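In case you want the letters, here they are:
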Protein chains: 2
Amino acid sequence: MPRYRLLLEYDGRPFCGWQRQDNGPSVQQTLEEAVYRLCGETVRVQGSGRTDSGVHALGQVAHVDLSRPLEPRAVLGALNAHSRPAPVVVLACCQVDETFHARFSALERSYLYRILNRPVRPTLDEGRVWWHPKPLNAAAMDAAARVLEGCHDFSSFRAAECQAESPVKTLSCLRVFRQGDEVIVLARARSFLHHQVRNMVGTLALVGQGKWTAADLEAALQARDRARGGPTAPAQGLYFRSVRYEGEPPLSDTL
Amino acid sequence: MPRYRLLLEYDGRPFCGWQRQDNGPSVQQTLEEAVYRLCGETVRVQGSGRTDSGVHALGQVAHVDLSRPLEPRAVLGALNAHSRPAPVVVLACCQVDETFHARFSALERSYLYRILNRPVRPTLDEGRVWWHPKPLNAAAMDAAARVLEGCHDFSSFRAAECQAESPVKTLSCLRVFRQGDEVIVLARARSFLHHQVRNMVGTLALVGQGKWTAADLEAALQARDRARGGPTAPAQGLYFRSVRYEGEPPLSDTL
């Protein structure tokens, strides 16, 4: 069975998330239906990680097995045609070894979070940013973010529904900076807990408003208790940015 | 009557354009109704220039007269509340002299045009870019753009419905460059003919594809005949970027 690796971009707004659900169209279902239209096969499209409802992707990776070999270019073209008009596309497609697994072979993942930090609500970027009208001190957020980098028990930033075996993760990089009206957060790790990025961003926003210090953030981390972490930032500002596999260059920590 | 100057941002998608029309909601009508909800007055909101249906604005300017003085901050807040959920907002508001006229006092206007130049259709930027799947040579487009800079009869790039008295305009700057998957066009002039930017962009795309040379573009300009110009690029890639008035710094020719 030839296996194909897919690089995906999607607008999370109309989807109930990556994974098939009963309560609405998912990215996975849309792609699986496109494969069915391409070759009449009922397949499983395996993503490198799930994204929640409303979360976007700039470079999600998935794999799919087809029963007969097709040109990767033909697979890309057909999936993009058959998934239309849903806002999900295959940006690149290549055939890979059967040892490649989008989820289990992933060495590192990176996310981008966009906060629109101005008094006035978004228009063009509605649904694509978290609107935070109160001023945020991005430099203070960036300094405090250092507290979270490294290997820690992230229970204070873990959703109750998280299915990970352990709350211990190694956060390789967490950066915050201002770009015009926006405050951008970049996060990179081998893997993340459920809602970890959104919970870290929601908590860093408390630091950005001056309500919390870096020491408060550290105390919250040490408490290993979700009740001590800050609020969950909304899904709409979050972008699954990229995944790295063996033999590939490091993921970028800048825009 | 106190006069207020408004700096506006809008997503052009749901609007039939700037100007009041019978065939759908316009930006102007949305703002005029917000003023009515604020103070019960039926007013005219005067823009610095019209935009077509689907054209966006990052920095449109308008003015409006109210019968009694209100704090500019209160005007801004009320208009943003009352125009909700339409995707138009007032980014800034100040009181100005009655000699200020958003349209007639404008010294210069600038537009931005975004072409998504990749084989795969847009998802997150659907309705916000012109998707041009065939490769474009941005450097060739930029070199050819020099032909159009300066004072010319732009009849070859003028919509049939254009109401300007003269087809002669001075194009102060026209730049084309690549930024990732996008080809960006920046245009600056005291004023533009109807569809001038979209017609120039559509024609430059012929140069970018290698179908036209800079000499072809020059011949089209010299012909002073719309039939000799290239096609009109779609509205959705166009952004009204900024306006300059007396005493204000020059508009930027970079992003």
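Residues numbered from 1 in each chain as written. Chains lettered and ligands numbered in written order. Predicted model: local features only at pLDDT ≥ 70, side-chain atom pairs only at ≥ 80, totals over all residues. Heavy atoms only, no water.

If you check an unreviewed UniProt entry, chain A appears there as tRNA pseudouridine synthase A from Phaeovibrio sulfidiphilus. One UniProt comment on chain A, placed under Catalytic activity (unreviewed entry), says "uridine(38/39/40) in tRNA = pseudouridine(38/39/40) in tRNA". (UniProt positions renumbered as here; feature names shortened; annotations may be inferred.)

Draft legend 1. Spatial organisation of the interface of chain B and chain A. In this complex, chain B contributes 28 residues to the contact, which on the side of chain A involves 28 residues. Buried surface at the junction of chain B and chain A, summed over both partners, amounts to about 1900 Å²; 55% is from carbon and sulfur atoms. Considering only the side of chain B, the residues that lose the most area to chain A are Arg121, Thr123 and Leu124 of chain B, jointly responsible for 40% of the buried surface there. Measuring nitrogen to oxygen at the nearest pair gives 2.8 Å for the salt bridge that ties glutamate 9 of chain B to arginine 118 of chain A. For the side of chain B that touches chain A, a count of residues per class yields 16 nonpolar, four polar and eight charged. (Contact = heavy atoms within 4.5 Å. Buried area = accessible area lost by both parts, 1.4 Å probe. Salt bridge = Lys/Arg side-chain N within 4 Å of Asp/Glu carboxyl O. Nonpolar A, V, L, I, M, F, W, Y, C, P; charged D, E, K, R; others polar.)

Draft legend 2. Inspection of unusual backbone geometry at higher detail. All names here are of chain A. Going from arginine 84 to proline 85, the amide bond is cis rather than trans, its omega being 0 degrees. For histidine 195, which is not glycine, the phi torsion reads 70 degrees and is therefore positive. Here histidine 195 shows up in the loop between β9 (182–189) and α4 (196–208). (Helix = DSSP H or I, 4+ residues; strand = E, 2+ residues; numbered from the N terminus.)

Draft legend 3. Fine view of helix α3 (residues 138–145) of chain A. All names here are of chain A. Taken together, the buried positions of α3 are Ala138, Met141, Asp142, Ala144 and Ala145. Each buried residue of α3 sits inside an arc of 165 degrees when the element is viewed along its axis, so together they form one side. Away from its buried face, by an angle of more than 90 degrees, α3 presents the exposed residues Ala139 and Ala143. Packed against the buried residues of α3 are β5 (108–116), β8 (168–179), β9, α4 and α5 (214–223). The residue sitting at the N-terminus of α3 and contributing the capping side-chain oxygen is asparagine 137; that oxygen lies 3.1 Å from the backbone nitrogen of alanine 139. (Buried < 20%, exposed > 50% of the residue type's maximum accessible area, 1.4 Å probe, protein only. Arc of directions from axis to C-beta. Polar contact = N/O pair within 3.5 Å; in protein donor to acceptor, adjacent residues only side chain to side chain.)

Draft legend 4. Layout of the pairing of strand β1 (residues 3–10) of chain B. Residue and element names in this part refer to chain B. With respect to burial, β1 is a largely interior element, seven of its eight residues being buried. By the bridge criterion, seven bridges tie β1 to strand β3 (residues 56–65) in an arrangement that is antiparallel. Residue pairing for β3: arginine 5 is matched across the bridge by histidine 63. As paired strands, β1 and strand β4 (residues 88–96) are joined by eight bridges and run antiparallel to one another. (Pairing = 2+ DSSP bridges.)

Draft legend 5. A look at the relation of the copies chain B and chain A. Aligned on chain A, chain B shows an RMSD of 0.0 Å; the corresponding rotation is 180 degrees and the shift along the axis is 0.0 Å. Given the turn and translation reported, the copies of this chain are related as if by a two-fold rotation axis. If distances are taken from each C-alpha of chain B to the rotation axis, the shortest is found for aspartate 125 of chain B, at 4.9 Å. Comparing contact sets, 100% of the residues at the interface of chain B also lie at the interface in chain A, consistent with an isologous, same-surface contact. (Least-squares fit on C-alpha atoms with pLDDT ≥ 70 in both.)

Draft legend 6. Representation of the packing of aromatic side chains within the structure. Residue and element names in this part refer to chain A. Applying the stated criterion to the full structure yields 14 aromatic pairs over all chains. For the ring pair tyrosine 111 and phenylalanine 240, a centre distance of 4.9 Å and an interplane angle of 20 degrees mean the geometry is stacked. Pair noted here: tyrosine 111 is in strand β5 and phenylalanine 240 is in strand β10 (residues 238–244), with a separation of 129 residues, a long-range link. These aromatic residues form a ring-pair network of at least three members: Tyr10, Phe15 and Trp18. (Phe/Tyr/Trp six-rings, centres within 6.5 Å; stacked < 30°, edge-to-face > 60°.)

Draft legend 7. Representation of the UniProt feature "active site" (unreviewed entry) in chain A. Residue and element names in this part refer to chain A. The sites that carry the UniProt feature "active site" (unreviewed entry) are, in the present numbering, Asp52. Counting through the fold element by element, aspartate 52 comes out in the loop between β2 (46–47) and β3 (56–65). Classification of aspartate 52 by relative accessible area gives partly exposed; the value is 23%. When neighbours within four sequence positions are excluded, aspartate 52 is seen to be in contact with Gly17, His194, His195 and Arg198. At 3.0 Å, the side chain of aspartate 52 and the side chain of histidine 194 are in polar contact.

Draft legend 8. Looking closely at the environment of alanine 164 of chain A. All names here are of chain A. Along the chain, alanine 164 falls in the loop between β7 (150–153) and β8. The spatial distance from the C-alpha of alanine 164 to the C-alpha of threonine 123 is 37 Å, given a sequence separation of 41 residues. Excluding anything up to four places from it in sequence, alanine 164 contacts Arg158 and Leu193.

Draft legend 9. How the structure looks around the pattern of salt bridges. In this structure the tally under the stated criterion is 34 salt bridges over all chains. Across the salt bridge formed by arginine 198 of chain A and aspartate 52 of chain A, the nearest N and O atoms sit 3.1 Å from each other. Of the two residues, arginine 198 of chain A is situated in helix α4 and aspartate 52 of chain A in the loop between β2 and β3; the sequence distance between them amounts to 146 residues. Taking relative accessible area as the criterion, arginine 198 of chain A reaches 11% and is therefore assigned buried. Connected via shared salt-bridge partners are Arg114, Asp125, Arg128 and Glu182 of chain A together with Arg114, Asp125, Arg128 and Glu182 of chain B.

Draft legend 10. Just the nonpolar core, in detail. Residues and elements named next belong to chain B. Of all hydrophobic cores here, the largest spans 70 residues; its most connected members are Leu148 and Leu174. In terms of residues, this core owes the most to one element, helix α4 (residues 196–208), which gives six residues. Here this core gathers at least three residues from each of two domains, domain 1 (3–96) and domain 2 (108–244). Excluding residues that lie within four positions of it along the chain, leucine 174 makes contacts with Asp142, Ala145, Arg146, Leu148, Glu149, Val185, Leu186, Ala187, Met200 and Leu204. (Core = buried A, V, L, I, M, F, W, Y, C linked by side-chain atoms within 4.5 Å. Domains from an automatic or database assignment.)

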